[in-house]
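Summary of structural features
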Amino acid sequence: MSNQITITLPDDVYQKAEHFARLANRDLASVLVDTIQFSIPPISLEATNFEPVSALSDQQVLALTELQMESEEDSRLSELLDKQQAGMLTESEYSELQTLMQIYQEGLLRKATALSEAVKRGLIKELGA
């Protein structure tokens, strides 16, 4: 299934996409679809069920600003990243690394969103201010 949307692009973005499409001998719409598809990281089923941060109570938002990976997962992630850098990662470890990276990235996004919401609500001062 496909959905049609209308967006307004800044002139420079439109021109860049149009030039790329011409160079690649593709239509502009397919270039834009691919660009969006590849720029949005995969999201776990668990993360799709999270309640929006804006709908959470002040206490829940503040708790999310302190969100961290479980220490065992964090240690394993560091270990796997070291092995990857040394070129010693097995295929099963690569799969495990991908899973842990997704957990890390989703947590980081959730924490950043909570920090933004906490500042907007006046629960904490703006960072760096």
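Up top is the structure.
Residues numbered from 1 in each chain as written. Predicted model: local features only at pLDDT ≥ 70, side-chain atom pairs only at ≥ 80, totals over all residues. Heavy atoms only, no water.

A short note on the overall build of the chain
To keep things clear, this is the line we draw: Strands are runs of DSSP state E lasting at least 2 residues, helices are runs of H or I lasting at least 4, and numbering of each runs from the N terminus. The size measure is the radius of gyration over C-alpha atoms, and the globule rule it meets is 2.2 Å times the number of residues to the 0.38 power. Think of it in three bands: residues with accessible area under 20% of the maximum for their type are buried, residues over 50% are exposed, and the middle band is partly exposed, with areas taken using a 1.4 Å probe on protein chains only. Note on contacts: a residue pair qualifies if any of its non-hydrogen atoms lie within 4.5 Å across the two residues. We get accessible surface area from the Shrake-Rupley algorithm with a probe of 1.4 Å; when it comes to residues, only the shown protein chains can shield them. Neither His nor the chain ends contribute to the count of charged residues, in which Lys and Arg are positive and Asp and Glu negative. A charge is said to be at NZ when it belongs to Lys, at CZ for Arg, at CG for Asp and at CD for Glu.
A count of helices and strands for the chain gives six helices and zero strands. When the helices and strands of the chain are placed in sequence order, the string is α-α-α-α-α-α. Taken over C-alpha atoms, the radius of gyration comes to 20 Å for the chain, far larger than the 14 Å a tight globule of 129 residues would show. Out of the 129 residues in the chain, the part that is buried amounts to 16%. In the chain, 58% of the contacts between residues at least 6 apart in sequence involve partners at least 24 apart. Surface exposure of the chain reaches about 10,300 Å², of which carbon and sulfur atoms provide 54%. When the 10 basic and 21 acidic side-chain charges of the chain are each reduced to a single mean position, those positions are 6 Å apart.

Purely geometric stuff here, so don't read any function into it on its own.
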